[in-house]
Amino acid sequence: MVTRRGFLQTTGGIAALAAFRDDGIARIEAAALRTAGASPADVAADENYWREIQQAFTLDRTIINLNNGGCCPSPRVVHEALKRYLDISNQSPVYHMWQILEPNIESVRRRLAAAFGCDPEEMAVTRNASEALQIAQLGLDLKAGDEVVTTNQDYGRMLDTWQQRVRRDGIKLTQVSFPVPPESMDVLAERLLAAITPATRVLHFCHITNLTGQIFPVKKIADQARRRGIKTIVDGAHAFAHFPFKASDLECDYYGTSLHKWLLAPIGTGFLYVRKENIPTLWPLTPAAASRADNIRKFEEIGTHPAANHNAIAEALTFHEGIGVERKAARLRYLRNRWADRLGRNPKFRIHTNLDPAHSCAIGNVQTLGVPTGKVVAHLWEKWRIIATPIVHAEYEGLRVTPNVYTTLEEIDTFTAAMEQLAGTA
Ligand SMILES: Cc1ncc(COP(=O)(O)O)c(C=O)c1O
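Here is a short report on the structure shown in this document. All values derive from a computational prediction rather than experimental measurement.

**What about the overall build of the chain?**
Inference 1: A count of helical and extended segments in the chain gives 17 helices and 13 strands.
Inference 2: Relative to a compact globule of 426 residues, whose C-alpha radius of gyration would be 22 Å, the chain shows 22 Å and is just as compact.
Inference 3: With the principal axes as the frame, the chain shows a C-alpha extent of 55 × 55 × 40 Å.
Inference 4: When burial is assessed residue by residue, the chain has 57% of its 426 residues classed as buried.

**Some details on the sheet that holds strand β3 (residues 147-151)**
Inference 1: The strand order across the open sheet formed by 7 strands is β2-β8-β7-β6-β5-β3-β4, and the pairing between neighbours is mixed. A single partner strand is all that each edge strand has here, and the edge strands are β2 (123-126) and β4 (172-176). For this sheet, the mean inter-axis angle between neighbouring strands, taken without regard to orientation, is 15°.
Inference 2: Of the pairings in the sheet, the one linking β3 to strand β5 (residues 200-206) comprises 3 bridges and is parallel in character.

**Looking at the site of the ligand**
Inference 1: Of all residues adjacent to the ligand, which total 13 residues, the nearest are Ser130, Asp235, Ser258, His260 and Lys261.
Inference 2: His238 places a polar side-chain atom, nitrogen or oxygen, 3.0 Å from an oxygen atom of the ligand.
Inference 3: Between the ligand and His260 there is a distance of 2.8 Å, counted from an oxygen atom to a side-chain nitrogen or oxygen.
Inference 4: Starting from 390 Å² of accessible surface for the ligand in isolation, the protein chains cover 90%.
Inference 5: In terms of residue class, the shell around the ligand is built from 5 nonpolar, 6 polar and 2 charged.

**Regarding the sheet that holds strand β9 (residues 349-351)**
Inference 1: If you trace the 4 strands from one edge of the open sheet to the other, you get β9-β10-β13-β12, paired in antiparallel fashion. Strands with a single pairing partner mark the edges of an open sheet, and in this sheet they are β9 and β12 (389-393). If you compare each strand with its neighbour and ignore which way they point, the axes differ by 35° on average.
Inference 2: By the bridge criterion, 3 bridges tie β9 to strand β10 (residues 364-368) in an arrangement that is antiparallel. Looking at the pairing, Ile351 lines up with Val366 of β10.
Inference 3: Contacts between helix α16 (residues 373-384) and the sheet are confined to β10, β12 and β13 (396-401), with β13 contributing the most and set at about 25° to the helix.

**A closer look at helix α12 (residues 218-227)**
Inference 1: Among the residues of α12, Val218, Ile221, Ala222 and Ala225 are the ones counted as buried. One side of α12 holds all its buried residues, which, seen down the axis, span an arc of 95°.
Inference 2: For α12, the secondary structure elements touched by its buried residues are α11 (185-194), β5 and β6 (231-235).
Inference 3: Looking at the residues trailing α12, positive phi occurs at Gly229, about 75°.

**Quick look at the environment of Gly156**
Inference 1: The residue Gly156 is located in helix α10 (residues 156-169) in this model.
Inference 2: Looking at Gly156, the relative accessible area reads 35%, which means it is partly exposed.
Inference 3: For the pair Gly156 and Leu335, spaced 179 residues apart in the sequence, the C-alpha separation amounts to 28 Å.

**What to know about unusual backbone geometry**
Inference 1: Residue Pro181 follows Val180 across a cis peptide bond; omega there is -10°.
Inference 2: Mapped onto the elements of the fold, Pro181 is located in the loop between β4 and α11.
Inference 3: Its identity is not glycine, yet Ala241 carries a phi of approximately 70°, on the positive side.
Inference 4: Tracing the backbone shows Ala241 in the loop between β6 and β7 (254-258).
Inference 5: For Ala241, a relative accessible area of 4% translates into the label buried.
Inference 6: The backbone phi angle of Arg385 is positive, close to 55°, even though this residue is not glycine.
Inference 7: Within the secondary structure, Arg385 sits in the loop between α16 and β11 (386-387).

**Structural notes on helix α15 (residues 325-344)**
Inference 1: Helix length check: α15 (20 residues) gives 27 Å between terminal C-alpha atoms against 28 Å at 1.5 Å per residue, within 8%.
Inference 2: Approximately 30° is the largest bend angle found in α15, and it occurs at Asn337.

**Let's talk about the side chain of His352**
Inference 1: For His352, the position within the fold is in the loop between β9 and β10.
Inference 2: A relative accessible area of 4% means that His352 is categorised as buried.
Inference 3: Here the side chain of His352 touches Gln367 through a polar contact of 3.1 Å, side chain to side chain.
Inference 4: Looking at His352, its side chain comes within polar contact range of the main-chain oxygen of Glu397, at 3.0 Å.
Inference 5: Setting aside its immediate chain neighbours within four residues, His352 contacts Val180, Pro181, Thr212, Asn365, Gln367, Tyr396, Glu397 and Gly398.

**Let's talk about the environment of Val180**
Inference 1: Locating Val180 in the fold gives a position in the loop between β4 and α11.
Inference 2: Each residue touching Val180, except ones within four places of it in the same chain, is listed here: Gln153, Thr212, His352 and Tyr396.

**Considering the pairing of β3**
Inference 1: The element β3 is extensively covered by neighbouring structure, given that 5 of its 5 residues are classed as buried.
Inference 2: With burial as the criterion, each face of β3 is covered, one bearing Glu147, Val149 and Thr151 and the other bearing Val148 and Thr150.
Inference 3: A crossover links β3 with its parallel partner β4, the connecting element being α10, and its sense is right-handed.

**Observations concerning the pattern of salt bridges**
Inference 1: All told, the structure shown has 23 salt bridges when counted by the stated rule.
Inference 2: Residue Asp46 is joined to Arg34 by a salt bridge in which the shortest nitrogen-to-oxygen separation is 3.1 Å. Pair noted here: Asp46 is in the loop between α4 (40-44) and α5 (47-54) and Arg34 is in helix α3 (residues 25-35), with a separation of 12 residues, a long-range link.
Inference 3: Relative accessible area serves as the criterion here: at 15%, Asp46 is assigned to the buried category.
Inference 4: Salt-bridge contacts for Arg61 lead to Glu411; the nearest nitrogen and oxygen are separated by 3.0 Å. Taken together, the positions of Arg61 in the loop between α5 and β1 (64-65) and Glu411 in helix α17 (residues 409-422) put the pair 350 residues apart, joining distant regions of the chain.
Inference 5: Among the residues examined, Glu411 registers a relative accessible area of 6% and is labelled buried.
Inference 6: Through salt bridges with shared partners, one network takes in Glu106, Arg109, Glu121, Arg297 and Glu300.

What counts and how
Residues numbered from 1 in each chain as written. Predicted model: local features only at pLDDT ≥ 70, side-chain atom pairs only at ≥ 80, totals over all residues. Heavy atoms only, no water. Helix = DSSP H or I, 4+ residues; strand = E, 2+ residues; numbered from the N terminus. Rg over C-alpha atoms; globule rule 2.2 N^0.38 Å. Buried < 20%, exposed > 50% of the residue type's maximum accessible area, 1.4 Å probe, protein only. Pairing = 2+ DSSP bridges. Axes fitted to C-alpha atoms, helices over the stretch in contact; angles between N-to-C directions. Near = heavy atom within 4 Å. Polar contact = N/O pair within 3.5 Å; in protein donor to acceptor, adjacent residues only side chain to side chain. Areas by Shrake-Rupley, 256 points an atom, 1.4 Å probe, with all protein chains shown as cover. Nonpolar A, V, L, I, M, F, W, Y, C, P; charged D, E, K, R; others polar. Contact = heavy atoms within 4.5 Å. Arc of directions from axis to C-beta. Expected span 1.5 Å × (residues − 1). Bend = angle between axes of the 7 residues up to and from the residue. Right-handed = clockwise from strand over helix to strand, strands pointing away. Salt bridge = Lys/Arg side-chain N within 4 Å of Asp/Glu carboxyl O.

So, in structure tokens, the structure goes:
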């Protein structure tokens, strides 16, 4: 029998319980106790466990939100922490925000670093993935003729950032194409590595793409790049706290992520990892004193900003650790497979995501053959109040579907039935 003490030891316990305080702790504890020691695959299908997680959010259940790739609602405890810190700040910001709350960003740095698997001195807290990645993209010394290799499925804003350097600094940008879905991870590495020329200084690519949810073999690419003296910027906007990995599984030079996506932290949170040896040579986006040149905090010199957002990241980490990233990823794949397997068997649909767990997790992309994706989106919203994202790329199109830990099976099944009805196969 699993005792309360045993549970606390096996699941990181105190953190797990604290994550759910204020919210039916006894029920959560009972659910967690019941599942202690169970495999992530078993827990993924345990509706009693996930019902408790679903209840930890203050959602509008009259809509079905399958766009968790955009930004996500925070659990109640995280949102309460955000509001509490805002209230504290407003008493006397110069004292309560700057002197009491702001220094505690160091606890957030330490915990983010532990979760990502790097030294806290390599971890900068940012406002989103765009800011994190743009620090790397705009902070590298590149001269006219230097080349950046990326893909034509990288995030629009990050491509715009490189395009601005093309116009401003005369660098060259090469965008490679890759198949959707690819048959193997090797294809992805081969495409990027084959595009390298003697002028290539940077490889920029997603850890997991926002368009189809394709995971890239980051380490394989980064290792090859390092051997050739090329820096790697990895767009991890969708990866952190979505599926398990550590910095040592990547070995890239720079990594930027959003925390208002899969970590469920407040809106306006992200981080930038900079490998220690790269800190002195990377210019911050908002300048910092020369004395801070070697200090990761130079990337956080953004002027006055709310301390509430970044401090509430700590509560989001506690919630996340209370579930455990293995269980979370298993549940997300379970939810994704529930709709994707059914639609994938139907000849009216084409799945653009490789469903192998090594290739993908929560994010899936499905095309309704013969129906423009814009129409699919409109139908889902107007008739069913389902939100999902249209992806129209030069090489393919489809609907991006992203559930989250709070998504119910009923919501997934309603979506699947709505798609079948739209395709005339219900
Ligand atoms: C792949 C990718 N990169 C970067 C970003 C930018 O993230 P943020 O809006 O947090 O700056 C996004 C946002 O959706 C994204 O999908």
